[in-house]
Amino acid sequence: MVTRIRAFGPVAARIVAALFGGYALAALSGVAVLALPVSKLQAVIAGMLASFLIWAGAVVWVFAARSAARAWAGLLIAAAPLLAAAWSVW
């Protein structure tokens, strides 16, 4: 029973990273695209379209990484410049 829980821990961490980390990354990209020098309407549409691709890419990255810690680290590294761009818009 304990080995079963230990085996499920990294998988659960990856699932959480894919769902919530990927969503956060996609949401940040949707806001960060407003910093581009285009009209607000074009930026919103581009952000919505890009967010689907970014979330799908984040899910692929999370399950392709060697460990759950690397998956989380990759999401955080990707979120840092997006957070800076999104912060400039707020």
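Data block above holds the structure.
Bear in mind that the values here come from a model prediction, so they are computed numbers and not experimental data. (Residues numbered from 1 in each chain as written. Predicted model: local features only at pLDDT ≥ 70, side-chain atom pairs only at ≥ 80, totals over all residues. Heavy atoms only, no water.)

Participant: I would appreciate a short explanation of the overall build of the protein in the present structure.
Facilitator: Each helix and strand in the protein was counted, giving three helices and zero strands. Secondary structure elements of the protein occur, N-terminal to C-terminal, as α-α-α. Here the C-alpha atoms of the protein give a radius of gyration of 15 Å, more than 25% beyond the 12 Å that 2.2 N^0.38 yields for 90 residues. For the C-alpha atoms alone, the extent of the protein along its principal axes is close to 55 × 20 × 20 Å. Looking at the protein as a whole, 24% of its 90 residues qualify as buried. A separation threshold of at least 6 residues defines the contact pool for the protein, and within that pool the share at least 24 residues apart is 76%. Accessible area of the protein: about 6100 Å², with a carbon and sulfur share of 78%. (Helix = DSSP H or I, 4+ residues; strand = E, 2+ residues; numbered from the N terminus. Rg over C-alpha atoms; globule rule 2.2 N^0.38 Å. Buried < 20%, exposed > 50% of the residue type's maximum accessible area, 1.4 Å probe, protein only. Contact = heavy atoms within 4.5 Å. Areas by Shrake-Rupley, 256 points an atom, 1.4 Å probe, with all protein chains shown as cover.)

Participant: Is there a simple way to explain the nonpolar core in this structure?
Facilitator: For soluble globular proteins, the rule of thumb is that nonpolar side chains tend to be buried together. Counting twelve residues, the largest nonpolar core consists of Ala-17, Ala-18, Leu-25, Leu-28, Ala-32, Ala-58, Val-62, Ala-65, Ala-71, Leu-75, Ala-79 and Ala-86. Of all the secondary-structure elements, those providing two or more residues to this core are helix H1 (2-32), helix H2 (40-64) and helix H3 (68-89). (Core = buried A, V, L, I, M, F, W, Y, C linked by side-chain atoms within 4.5 Å.)

Participant: I would appreciate a short explanation of the side chain of Arg-14 in the present structure.
Facilitator: Relative to the assigned elements, Arg-14 resides in helix H1. Residue classification places Arg-14 among the buried residues on the basis of a relative accessible area of 13%. A distance of 3.2 Å separates a polar atom in the side chain of Arg-14 from the backbone oxygen of Arg-66. Every residue in contact with Arg-14, bar those within four places of it in the chain, is listed here: Val-62, Phe-63, Ala-64, Ala-65, Arg-66, Ser-67 and Ala-68. (Polar contact = N/O pair within 3.5 Å; in protein donor to acceptor, adjacent residues only side chain to side chain.)

Participant: Please explain the packing of H2 against H3 as it appears in this structure.
Facilitator: Axis angle and axis distance: for two packed helices, these are the angle between their axes and the distance between the axes, and together they describe the pair. Across the interface, H2 lies against H3 with an axial gap of 8 Å and an inter-helix angle of 150 degrees. It follows that H2 is roughly antiparallel to H3 by the angle criterion. Listed contacts from H3 to Ala-58, Trp-61 and Val-62 of H2 are Arg-70, Ala-71, Gly-74 and Leu-75. Taken together, the residues of the contact of H2 with H3 sort by class into five nonpolar, one polar and one charged. (Axes fitted to C-alpha atoms, helices over the stretch in contact; angles between N-to-C directions. Parallel < 35°, antiparallel > 145°, perpendicular 65-115°, else oblique. Nonpolar A, V, L, I, M, F, W, Y, C, P; charged D, E, K, R; others polar.)

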